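Each chain, letter by letter, is given below.
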Amino acid sequence: MSSLISLADEAKATSFDQIPVVDLSNANSPNLEARRAIAQAIKEACTKVGFFYVKNHGVSASLVETAFAAGKNFFDLPIDEKMKIDIRKSPNFKGYTALLSENADPENRGDLHEGFDMGPESDENIAMSGSNVWPADPGFREAVLPYYDAVLDLGRTLFRLFALALELPEDFFADKTTQSAAIMRLLHYPPQTGVVDDRVQGIGAHSDYECFTILRQDTVPALQVLNNSGKWIDATPMPDTFVVNVGDQLARWTNDIFKSTVHRAINRSGVTRYSSPLFFGTDYNVVVEALPTCVSPERPSKYEPVLAGDYVKAKLEESYGHVEK
């Protein structure tokens, strides 16, 4: 039995009460053992928790501040102006989503956030590929794209570390992420004040559906992660960190050895919250099937192979419905 499978079996019997922090200082070190040490920390986080913070990640604070300021300015616009780029008018799930227009948890009455969705700019018109839909202000695009590119670079670094964590060659994902699916959102969560309806949350309990998510939070607490005991654990904002979590696609690829953990966001702080998740996946033509290090005679593959693009598109249509053509 591989060490991965043994570690996953051990994790079933435990429950976490905090989210680990992984230091990426040596992520690009020429010393393989230094990189393996980081991968080991990621392996333990992904089998036991499914979430971890990263520090010393290489994304400059100025890029973060500029992108978040642009997002705030956009969300301050009149609703009629924002609806000009309504995501339901886009053939590739890009643009603006209004308050309560999504509902991650079917038991709830809607998600109390608004968002702007973007992805890689290309000529292909499948799933999230194709041209982005931008607000009229050209400064928005100029502020957001450099940040997107920097987080994309962080995602490529993480894919190399995930490969080492999965006991695979470090470049295993390289030819599968040449045109990675990388959906980024800028999100605005108004505070929930007064009489609170528990069925209206910033975003209801859900798991993400790409390989992994790289989330930047502001200083306002809202994110919570569900542990094995059914207790919600706060993912409290930490200065100059990102929160990384395993998504459904990577969990499926690893035969559920890496955990795609349910989480939610509830903003009852009394102040506005902003965040930006980037959902990092593979090229859409990649077949996702159980990795060789994640199966054994005692733990056969749980899932049929699936084309990454088909999987993501089906999930997007569940979230937004069929868009206008």
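In this text, all values refer to a predicted model and were calculated from it rather than measured experimentally.

Caption draft 1: Spotlight on helix H5 (residues 138-165). Helix length check: H5 (28 residues) gives 41 Å between terminal C-alpha atoms against 40 Å at 1.5 Å per residue, within 8%. Its side-chain oxygen placed 2.9 Å from the backbone nitrogen of Gly139, Asp137 serves as the N-cap of H5. Looking one or two places after H5, you find Glu167, whose phi comes out positive at around 60°.

Caption draft 2: Spatial organisation of the sheet that holds strand S1 (residues 21-23). One open sheet accounts for eight strands, arranged S1-S2-S12-S9-S14-S6-S5-S3; its pairing is mixed. Strands with a single pairing partner mark the edges of an open sheet, and in this sheet they are S1 and strand S3 (95-97). Ignoring which end each strand starts from, the neighbouring axes of this sheet average 25° apart. Of the strand pairs in this sheet, S3 and strand S5 (residues 114-118) are connected by three bridges, and their pairing is antiparallel.

Caption draft 3: Structural detail: unusual backbone geometry. One non-glycine residue, Glu167, adopts positive backbone phi at about 60°. Note that Glu167 resides in the loop between H5 and strand S6 (182-189). What makes Glu167 partly exposed here is its relative accessible area of 34%. The backbone phi angle of Asn255 is positive, close to 60°, even though this residue is not glycine. As for its position among the elements, Asn255 is in the loop between helix H6 (248-253) and strand S13 (263-265).

Caption draft 4: Quick look at the packing of aromatic side chains. Considering all chains together, one arrives at 16 aromatic pairs under this definition. With centroids separated by 5.6 Å and ring planes inclined at 50°, the aromatic side chains of Phe74 and Phe140 adopt a geometry described as tilted. Taken together, the positions of Phe74 in helix H3 (residues 61-75) and Phe140 in helix H5 put the pair 66 residues apart, joining distant regions of the chain. Each member of the pair, Phe74 as well as Phe140, is classed as buried. The rings of Phe52, Phe159, Phe162, Phe172, Phe173, Phe212, Trp253, Phe258 and Phe280 are connected pair by pair, giving a single aromatic cluster. Above the face of the Trp232 ring, Arg264 is positioned so that its terminal group lies 4.0 Å from the ring centre.

Caption draft 5: Structural view of the pattern of salt bridges. Applying the stated criterion across every chain yields a total of 13 salt bridges. For Asp76, the salt bridge goes to Lys72, with nearest N and O atoms at 3.1 Å. Between Lys302 and Asp256 there is a salt bridge, and its shortest N-O distance comes to 3.5 Å. With Lys302 in the loop between strand S15 (287-288) and strand S16 (306-307) and Asp256 in the loop between H6 and S13, the pair connects residues that are 46 residues apart, well separated along the chain. In this structure Lys302 comes out as partly exposed when scored by relative accessible area, which is 48%. A residue is classified by how much of its surface remains accessible, and Asp256, at 27% relative accessible area, is partly exposed.

Caption draft 6: Here's a closer look at the nonpolar core. Ranked by size, the top nonpolar core spans 79 residues in total, and within it Ile42, Leu158, Phe162 and Phe258 carry the most contacts. Considering each element in turn, this core owes the most residues, 17 residues, to H5. Discounting residues that sit within four places of it in the chain, Leu158 has contacts with Leu24, Ile42, Phe212, Ile214 and Val244. Core analysis: the second largest hydrophobic core is formed by 11 residues, Phe16, Tyr53, Leu223 and Ile233 among them.

Caption draft 7: Structural detail: the packing of helix H2 (residues 32-48) against H5. Orientation of H2 relative to H5, taken along the N-to-C sense of each, is 80°, at an axis distance of 8 Å. Judged by the inter-axis angle, H2 sits roughly perpendicular to H5. Across the interface between the two elements, Arg35, Arg36, Ile38, Ala39, Ile42, Lys43 and Cys46 of H2 pack against Leu158, Leu161, Phe162, Leu164 and Ala165 of H5. Broken down by class, the residue content of the contact of H2 with H5 amounts to nine nonpolar, no polar and three charged.

Definitions and cut-offs
- Residues numbered from 1 in each chain as written.
- Predicted model: local features only at pLDDT ≥ 70, side-chain atom pairs only at ≥ 80, totals over all residues.
- Heavy atoms only, no water.
- Helix = DSSP H or I, 4+ residues; strand = E, 2+ residues; numbered from the N terminus.
- Expected span 1.5 Å × (residues − 1).
- Polar contact = N/O pair within 3.5 Å; in protein donor to acceptor, adjacent residues only side chain to side chain.
- Pairing = 2+ DSSP bridges.
- Axes fitted to C-alpha atoms, helices over the stretch in contact; angles between N-to-C directions.
- Buried < 20%, exposed > 50% of the residue type's maximum accessible area, 1.4 Å probe, protein only.
- Phe/Tyr/Trp six-rings, centres within 6.5 Å; stacked < 30°, edge-to-face > 60°.
- Lys NZ or Arg CZ within 6 Å of the ring centre and 35° of its normal.
- Salt bridge = Lys/Arg side-chain N within 4 Å of Asp/Glu carboxyl O.
- Core = buried A, V, L, I, M, F, W, Y, C linked by side-chain atoms within 4.5 Å.
- Contact = heavy atoms within 4.5 Å.
- Parallel < 35°, antiparallel > 145°, perpendicular 65-115°, else oblique.
- Nonpolar A, V, L, I, M, F, W, Y, C, P; charged D, E, K, R; others polar.

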